[in-house]
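# Summary of the model geometry
Each chain, letter by letter, is given below.
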Amino acid sequence: MKYNQLGNTDLKISELSFGTWAIGGAWGKTNDQEALKGLERAIELGVNFFDTADVYGDGHSEQLLAKVTSRMKQDIYIATKFGRAGDIYDPDNYSEEAVTKYCEDSLRRLNRDYIDLYQIHCPPMEILQAGHVFEVLDKLKEKGKIRYYGVSVETIEEGLFVIDNTKASALQVIFNIFRQKPINTLFPRAQEKNIGILSRLPLASGLLTGKFTTDSTFEEDDHRHFNINGDAFNVGETFAGLDFAKGVELSNKLSRIAEDRGNMTRASLKWILEHEAVTSVIPGFRNVKQVEDNISAINTPGFSSIERKKLEDFYWKEVHPFIRGAY
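Presented here is a report on the structure given in the accompanying data block. (Residues numbered from 1 in each chain as written. Predicted model: local features only at pLDDT ≥ 70, side-chain atom pairs only at ≥ 80, totals over all residues. Heavy atoms only, no water.)

## Thoughts on the sheet that holds strand E10 (residues 280-282)
Read across the sheet, 8 strands follow the order E3-E4-E5-E6-E7-E8-E9-E10 without closing on themselves; strand pairing throughout is parallel. With one partner strand each, in any of the chains shown, strand E3 (18-19) and E10 form the two edges of the open sheet. Sitting on the sheet, helix H6 (residues 132-142) touches strand E5 (77-82), strand E6 (115-121) and strand E7 (146-152), and the angle it makes with E7 is about 155°. (Pairing = 2+ DSSP bridges. Helix = DSSP H or I, 4+ residues; strand = E, 2+ residues; numbered from the N terminus. Contact = heavy atoms within 4.5 Å. Axes fitted to C-alpha atoms, helices over the stretch in contact; angles between N-to-C directions.)

Encoded structure:
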């Protein structure tokens, strides 16, 4: 496992870490015992960073993390997020009182004295531009409640604004073979300003595992069912913003990347790991098998310059025109 410096912080985090949306909720049935075993296995294999949010299972993923990490002797860094438990467009949702409560509630569930990285959870641009929430985060940092803060963004424009106008240490962005736009626009600026990049939804809600067919179905409480057209939140958070049938078609066209790399999951993660600007890629998981498969991407054969150019052309010509939602 390689460990990368997270932007301008003193945190050195594993290049492959894990997000906990899938074990918290909104991805169909969950199994806490399998989730806990997966967390333990990830740590055994060198993972020292986990990303969560207060709305993942209404705090359940934070509680699961606490059960495992509170008894660990080694340093395990946790990033959590706030804001989406309230009205994301209401300025009062980002007041000192509101954010302090969000923070205290997460600390209680995580069983921690401070949060390593506290992130605003996909706020609208007008909230970022108002700037007040960053003053609140600075106060929480001064009080020792958080060590650093960042923003999970939906669009390139939001990310650039955060980089150029705030003291944020990290950006969380959707980045995968189906979402390559940040490479030429956002990543160079982040590197220039020493801002960490966390790559979320690296497998495009499972499309880039190559396991789906157009007949695949999802449970009612799975966002891949209830948000398939963006009815609950930005459609870009589900299947990278692609219509499901189109996403399956495009995934099938990419099946060649799995050759000599075990499977599409490992290949897709390896493609992200080879981008220098990415501090850590944070796939989700449900069980030990998925944890081990994801981590094996580290030692998977990389991509040649010719392969990377073909995937870049594939994205701009065949994928980008079909992405829906703010990007």
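## Things to note about the pattern of salt bridges
The final tally for this structure, using the stated rule, is 23 salt bridges. When the shortest N-O distance is used, the salt bridge between Asp105 and Lys101 registers 2.9 Å. Taken as a pair, Asp105 and Lys101 lie in helix H4 (residues 96-110) at a separation of 4 residues, close to a single helical turn. Of the charged contacts, one joins Asp105 and Arg108 as a salt bridge, the two residues approaching to 3.5 Å between their closest N and O atoms. Of the two residues, Asp105 and Arg108 are both situated in helix H4; the distance of 3 residues between them amounts to about one turn of the helix. Classification of Arg108 as exposed rests on a relative accessible area of 56%. (Salt bridge = Lys/Arg side-chain N within 4 Å of Asp/Glu carboxyl O. Buried < 20%, exposed > 50% of the residue type's maximum accessible area, 1.4 Å probe, protein only.)

## Here's the deal with the pairing of strand E8 (residues 170-174)
For E8, a buried count of 5 out of 5 residues is recorded, marking the element as mostly surrounded by other parts of the structure. Side chains Ala170, Gln172 and Ile174 project from E8 onto one buried face, and the interleaved Leu171 and Val173 project onto a second face that is buried too. The pairing of E7 with E8 spans 3 bridges and is classified as parallel. Within E8, the position partnered with Ser152 by the bridge is Gln172. For the segment spanning E7, helix H7 (residues 156-165) and E8, crossover handedness is right-handed. Two elements, E8 and strand E9 (residues 196-200), share 5 bridges in a ladder whose sense is parallel. Note on E9: the bridge partner recorded for Ile174 is Arg200. (Right-handed = clockwise from strand over helix to strand, strands pointing away.)

What is shown is where atoms sit, not what they do.
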